[in-house]
Amino acid sequence: LIDGVISAAHAMAEESAHSREQLRSLQAKVEVTEAELIQLHQELDNASALARHDPLTDALNRKGLDEALIREMSSMRRKETTLSVSLLDIDNFKQLNDRLGHDVGDGALVHLADVTRRHIRPSDTLARYGGEEFVILMPRMPLDKAVERAESWRCKIADIRVVFGNFKLSFTASAGVAAYPDHGKMPDELTHAADTALYGAKNSGRNRVVAYSPAQP
């Protein structure tokens, strides 16, 4: 009987040790799985961020801009305040690209984005609208103040000097400014108004800022 009890105790001890080993193995697998899930979430977040950013300038791309514009306009509706939009465009960019090459053109885009980014508020949004055009969203900013800010960006852009080999690149930019809700209550209406104002700036000599007026064609 004693031998039987001892044998059963040994068996129970071995089974308990085996169970503990299985438990440790399962815990290790759970920890690995949790780490893999965290890494996967991080990779998904990074991929989502990349999908909304322009790889050259690190500004939001068109997809990111569309989402930001909808979000900001919805917020401005709730708060019943103004959202100003500035559309910046490098003057004679095609000629710059054709004459000096795409590397120089890319350098101009990067420096414009960097200069503008350094002089916007944390609440503002910078996005590359397409080609050489950039959009700055300015929440809670009346039109007249937005025009002043766009003028300061225009001056800072005109002061840019980028060294390429044995020459320094300089360029200018024009800007059109519009404001919600006066110039459009939908995202495409607001960007169209800013684009119309930009067209006016280009037609009146470039290197200037024009505010949208309903009288503009």
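Higher on the page you've got the structure.
Residues numbered from 1 in each chain as written. Predicted model: local features only at pLDDT ≥ 70, side-chain atom pairs only at ≥ 80, totals over all residues. Heavy atoms only, no water.

(A) Representation of the packing of aromatic side chains in the model. Inspection of every chain in the model, using the stated rule, returns one aromatic pair. With centroids separated by 6.1 Å and ring planes inclined at 25 degrees, the aromatic side chains of Phe164 and Phe167 adopt a geometry described as stacked. A relative accessible area of 30% places Phe167 in the partly exposed class. A cation sits over an aromatic face here: Arg62 above Tyr129, 4.2 Å from the ring centre. (Phe/Tyr/Trp six-rings, centres within 6.5 Å; stacked < 30°, edge-to-face > 60°. Buried < 20%, exposed > 50% of the residue type's maximum accessible area, 1.4 Å probe, protein only. Lys NZ or Arg CZ within 6 Å of the ring centre and 35° of its normal.)

(B) Inspection of helix 3 (residues 93-100) at higher detail. Looking at helix 3, one finds that the buried residues are Phe93, Leu96 and Asn97. Down the axis of helix 3, the sector holding all buried residues measures 95 degrees, keeping them to one side. Turned more than 90 degrees from where helix 3 packs its buried face, Lys94, Asp98 and Arg99 sit exposed. Elements in contact with the buried residues of helix 3: strand 1 (83-90), helix 4 (102-118) and strand 5 (167-169). Once helix 3 ends, the next one or two residues include Gly101, with phi positive near 100 degrees. (Helix = DSSP H or I, 4+ residues; strand = E, 2+ residues; numbered from the N terminus. Arc of directions from axis to C-beta. Contact = heavy atoms within 4.5 Å.)

(C) Focus on the environment of Asn207. Note that Asn207 resides in the loop between helix 6 (187-203) and strand 7 (209-211). The class for Asn207 is partly exposed, based on a relative accessible area of 28%. For the pair Asn207 and Asp89, spaced 118 residues apart in sequence, the C-alpha to C-alpha distance is 9.4 Å. Dropping the residues within four chain positions of it, Asn207 is found in contact with Asp91, Arg154, Thr172, Ala173 and Ser174. Within the structure, the side chain of Asn207 is placed 2.8 Å from the side chain of Arg154, a separation counted as a polar contact. (Polar contact = N/O pair within 3.5 Å; in protein donor to acceptor, adjacent residues only side chain to side chain.)

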